[in-house]
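Here is how the chains run, residue by residue.
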Amino acid sequence: MLPHLLRGGYQGGGGGAGGKEGTLLETMRRSAFVTILYVIVSVFLFATFSLYSSRNPVYVADLFNPLSRSSDSSFRAIREDLHNNSRHRPFRQSNSSDQKKNVLMTSPDDESLLEEHSNIDSESILFPDWEVFVIVSTDTPVASRESLLCRYPNEETSPARFAGILASTNQSTFKCELPTRNRRRLPFLSPELTTLSTKELKPPPPAKELMKWSLLAYESFSMETDVVLFVKGVNNRQGMNRPARGLKCIFSDVASNRTVRTAVTSSVQEVFRCAHPDLTALGYNGQDDPSFKVKVSLEISEEVLVVPTVAYYTPWCRIANPKPKSELCATTMVYNVAKFLREWVMYHSKVGVDKFILYDNDSDDGLNDTVEELNEEGYRVETVSWIWPKTQEAGFSHAAIQAKDSCKWMMYLDVDEFVFSASWENSSEPSDQMLKSLIPRSSASSTANRRRRRVGQVSMKCYEFGPSNQRCHPQEGVTQGYTCRRKSDNRHKSIVLLEAIDHSLVNVIHHFTLKREYKWRQLNIQNTLVNHYKYQAWPEFKLKFRRRVSAYVVDWKKAENPSSKDRAPGLGFEPIEPAGWEHKFCEVKDDRLKMVTQKWFGYETVTGYVMAWQR
């Protein structure tokens, strides 16, 4: 009867019993229609949410606690999480020549190996913006960064771009895009890195789920007394850290699946410290065994969870003949700064920086060529491939321990920042003692001095410069092109005594927490400051939308925290040039550093006035 009613077949009406029956049937018909409409709307909303979730795996996952997903196949039993076919090699410092090499080979026969094995053993991580980061096993030689593809289980492919060599393991890395069709189905599956061999490709292996950048152990560094492990996704909010007592470092020999757990002694930001494992319990016999490879990760007891990992454990080794320490080094994280680097290095080298350590965050603008040129000219510039996105705090912590044996003081300063002192204005030429005069000299180790708290960190306040009517990058350099700034100071940058940094390695970009026996000195801005060329010509500034390297700095693309000091006033949430950008942030004319650098680095030519860093 009901189908007949829904078709409108009943025409009853009138009063009495017939009218009541007609009213009842009309009510039933409307109720059925509302029910059907409700079902259709529910299905539509569910489908829309599912599609949105599948297209935004990194950002949607951030709305929830990733550690609660213990049923995810990424977080299965420990032996599955820690198994990997990669071959471990001891740590060595990467440099510009390493980054330029196309090969990771040990014999001429490697080319034939590639012809025989068209699929390259690797493991993959899903980064933001649908980037897939592929780490090649060191058991598999990679003959060339050219003509490689990421091949997905559904047979779709995307070009693989060489992305550098991991400093900690010497593994070659590549980046490719996750094809659109692969973004619409969960779980996201890993590609195979393949060559464009003329031979038929082997059938793809069983599909593996992509590791997620939102939860991953990604680097490890061994000290004499403990191990430093870098993990994404465990301490997600600034100042909110999981207690160390609920965590364990877990070491697993890849070949035997033997595991050893050690206590975590510090849990801050993305840095975790724990004791070295007993290598004999992992099957190590003290010999140089290339098959002995140990992965390290973090175990979260209350979640019954082992964090997925690509990090390897390297036993600590003392340097046989350590070189004398440089008095003052400078480090920063960089991305596509080749056009700015010569000015920054040449200026700060002349005023006192002995060595520069650049953490390269996947630059593709010829940075390594510029670094090589600077080294050939006598400057000391090193690079570390640090591919991990939004990990500036972790990178600075890594620099604090990695450089401790070669540098005494470390200046943490970005490439668009220049230290300047008013006392330098009357100097006819720069001196390599100018910056060193800002830090305290070592004093005699008397009993009185040991009791007194030593200065372990010196900080300088910053002035932020605006576009200064520039519409493109000034060829003569930022110190010459940008001469208009905001009136008030903002933020500060620091020079840190590396031995004074707290065991936790905690930092907030501008400074580190110090050990109790050290103190912090703030310099007077009237004497010493940092010119921060923050708001440059629009084509340069808009590049910052792609990369905000700090883990805790608000992403400009998200409509969050509009009053943050990290946001440009008047700027929206998209890289769209605000009206009158070239005239913004101009409250004070300040050309002091311009005049000083002209005097120190400028010279006349037949074609006009030129700065030393112009090429």
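Residues numbered from 1 in each chain as written. Predicted model: local features only at pLDDT ≥ 70, side-chain atom pairs only at ≥ 80, totals over all residues. Heavy atoms only, no water.

### With respect to the overall build of the chain
Phase 1 of the analysis: Along the backbone of the chain there are 13 helices and 28 strands.
Phase 2 of the analysis: Sorting the 615 residues of the chain into buried and exposed places 52% on the buried side.
Phase 3 of the analysis: Partitioning the intrachain contacts of the chain with sequence separation of at least 6 by distance along the chain shows that 74% fall at a separation of at least 24.
Phase 4 of the analysis: Split by element, the accessible area of the chain, about 29,500 Å² in all, is 52% carbon and sulfur. (Helix = DSSP H or I, 4+ residues; strand = E, 2+ residues; numbered from the N terminus. Buried < 20%, exposed > 50% of the residue type's maximum accessible area, 1.4 Å probe, protein only. Contact = heavy atoms within 4.5 Å. Areas by Shrake-Rupley, 256 points an atom, 1.4 Å probe, with all protein chains shown as cover.)

### Focus on the pattern of salt bridges
Phase 1 of the analysis: By the definition in use, this model includes 25 salt bridges.
Phase 2 of the analysis: As a salt-bridge pair, E540 and K339 come within 3.0 Å of each other at their nearest N and O atoms. Of the two residues, E540 is situated in helix α12 (residues 538–541) and K339 in helix α7 (residues 338–350); the sequence distance between them amounts to 201 residues.
Phase 3 of the analysis: What makes E540 buried here is its relative accessible area of 14%.
Phase 4 of the analysis: What emerges from the salt-bridge pattern is a single network uniting E131, R161, K175 and D362. (Salt bridge = Lys/Arg side-chain N within 4 Å of Asp/Glu carboxyl O.)

### Here's the deal with the pairing of strand β17 (residues 326–334)
Phase 1 of the analysis: Counting buried residues along β17, 8 of its 9 residues qualify, which places the element largely inside the surrounding structure.
Phase 2 of the analysis: Where β17 meets strand β20 (residues 407–412), 5 bridges bridge the pair, whose relative direction is parallel. Note that in β20 the partner of A330 across the bridge is M411.
Phase 3 of the analysis: By the bridge criterion, 6 bridges tie β17 to strand β18 (residues 355–360) in an arrangement that is parallel. The partner of T332 across the bridge, within β18, is L358.
Phase 4 of the analysis: Where the polypeptide runs from β17 across α7 and back to β18, its parallel neighbour, the crossover connection is right-handed. (Pairing = 2+ DSSP bridges. Right-handed = clockwise from strand over helix to strand, strands pointing away.)

### Some thoughts on the pairing of strand β28 (residues 608–611)
Phase 1 of the analysis: With 4 bridges joining them, strand β27 (residues 602–605) and β28 adopt antiparallel strand pairing. In the sheet register, Y603 faces β28, and the bridge partner there is V610.
Phase 2 of the analysis: With antiparallel pairing between neighbouring strands as the criterion, β27 and β28 make up a hairpin whose turn holds 2 residues.

### Here's the deal with the packing of α7 against helix α13 (residues 592–601)
Phase 1 of the analysis: Between α7 and α13, whose axes approach to 12 Å, the crossing angle comes to 80°. With respect to their mutual orientation, α7 and α13 come out roughly perpendicular. Within the contact between the two elements, α7 uses M346, Y347 and K350 and α13 uses L593, T597, W600 and F601. (Axes fitted to C-alpha atoms, helices over the stretch in contact; angles between N-to-C directions. Parallel < 35°, antiparallel > 145°, perpendicular 65-115°, else oblique.)

### Topic: the packing of α7 against helix α8 (residues 367–376)
Phase 1 of the analysis: The N-to-C vectors of α7 and α8 enclose an angle of 25°; their axes lie 9 Å apart at closest approach. When the axes of α7 and α8 are compared, the pair comes out roughly parallel. As α7 runs across α8, the sense of the crossing is right-handed. Contacts from A338, L341, R342, V345 and M346 in α7 reach L367, T370, V371, E373 and L374 in α8.
Phase 2 of the analysis: Tallied by class, residues from the contact of α7 with α8 come to 7 nonpolar, 1 polar and 2 charged. (Left-handed = near helix turned anticlockwise from the far one by under 90°. Nonpolar A, V, L, I, M, F, W, Y, C, P; charged D, E, K, R; others polar.)

### Details of the environment of D405
Phase 1 of the analysis: Assignment of secondary structure puts D405 in the loop between α9 (392–402) and β20.
Phase 2 of the analysis: Along the sequence, D405 and P324 sit 81 residues apart, while their C-alpha atoms lie 8.7 Å from each other.

### Considerations on the sheet that holds strand β9 (residues 211–212)
Phase 1 of the analysis: Across the sheet, which stays open at both edges, the 5 strands sit in the order β6-β7-β3-β2-β9 with mixed pairing between neighbours. Looking at strand neighbours, the two that pair on one side only are β6 (161–165) and β9, the edges of this open sheet.
Phase 2 of the analysis: Pairing geometry for strand β3 (residues 131–136) and strand β7 (residues 172–177), over 5 bridges, is antiparallel. Paired with I135 across the strands is T173, a residue of β7.

### Quick look at the nonpolar core
In a soluble, globular protein the nonpolar side chains are often hidden away together inside.
Phase 1 of the analysis: By size, the foremost hydrophobic cluster in this structure holds 96 residues, and its most contacted members are I125, W344 and W388.
Phase 2 of the analysis: Excluding residues that lie within four positions of it along the chain, W388 makes contacts with I125, F127, F133, I135, L166, W213, Y218, E219, V310 and N361.
Phase 3 of the analysis: Residues V227, V231, V260 and L279 belong to the second largest nonpolar core, which totals 25 residues. (Core = buried A, V, L, I, M, F, W, Y, C linked by side-chain atoms within 4.5 Å.)

### Looking at a positive patch on the surface
Phase 1 of the analysis: Taken together, the side chains of R452, R453, K519 and R521 define a basic patch exposed on the protein surface.
Phase 2 of the analysis: Tracing the backbone through its elements, the reader meets R453 in the loop between α10 (447–451) and β22 (454–465).
Phase 3 of the analysis: Judged by relative accessible area, which is 47%, R453 ranks as partly exposed. (Patch = residues over 30% accessible without salt bridge, like charges linked within 9 Å, V, L, I, M, F, W, Y side chains within 5 Å. Lys, Arg positive; Asp, Glu negative; His and termini not counted. Charge placed at Lys NZ, Arg CZ, Asp CG, Glu CD.)

### Topic: the confidence of the model for the chain
Phase 1 of the analysis: Residue-level pLDDT values for the chain average 80, and 71% of them are 70 or greater.
Phase 2 of the analysis: Taken together, the stretch residues 1–18 has pLDDT below 50 and engages in 18 contacts with residues farther than four places along the chain or on a different chain. (pLDDT = per-residue confidence, 0-100.)

### What about the state of the cysteines?
Phase 1 of the analysis: Scanning all chains against the criterion turns up 4 disulfides.
Phase 2 of the analysis: Paired through a disulfide, C484 and C586 show a sulfur-sulfur distance of 1.6 Å. Classification of the bridge connecting C484 and C586 rests on its S-S torsion, roughly 70°, and on that basis the disulfide is right-handed. With C484 in strand β23 (residues 484–497) and C586 in the loop between α12 and β26 (588–589), the pair connects residues that are 102 residues apart, well separated along the chain.
Phase 3 of the analysis: Take C586: its relative accessible area is 45%, and that puts it in the partly exposed class. (Disulfide = S-S within 2.5 Å.)

### Concerning the sheet that holds strand β13 (residues 259–268)
Phase 1 of the analysis: Overall, antiparallel pairing links the 7 strands, which are arranged β10-β11-β14-β13-β12-β15-β16 in an open sheet. The open sheet terminates on both sides in strands that have one partner only, identified here as β10 (216–222) and β16 (305–306).
Phase 2 of the analysis: When β10 meets strand β11 (residues 227–232), the two strands line up antiparallel, connected through 6 bridges. Opposite A217, over in β11, you have V231 as the bridge partner.
Phase 3 of the analysis: Strands in contact with α9 are β10, β11 and β14 (271–274); relative to β11, the strand with the most contacts, it is inclined by about 170°.

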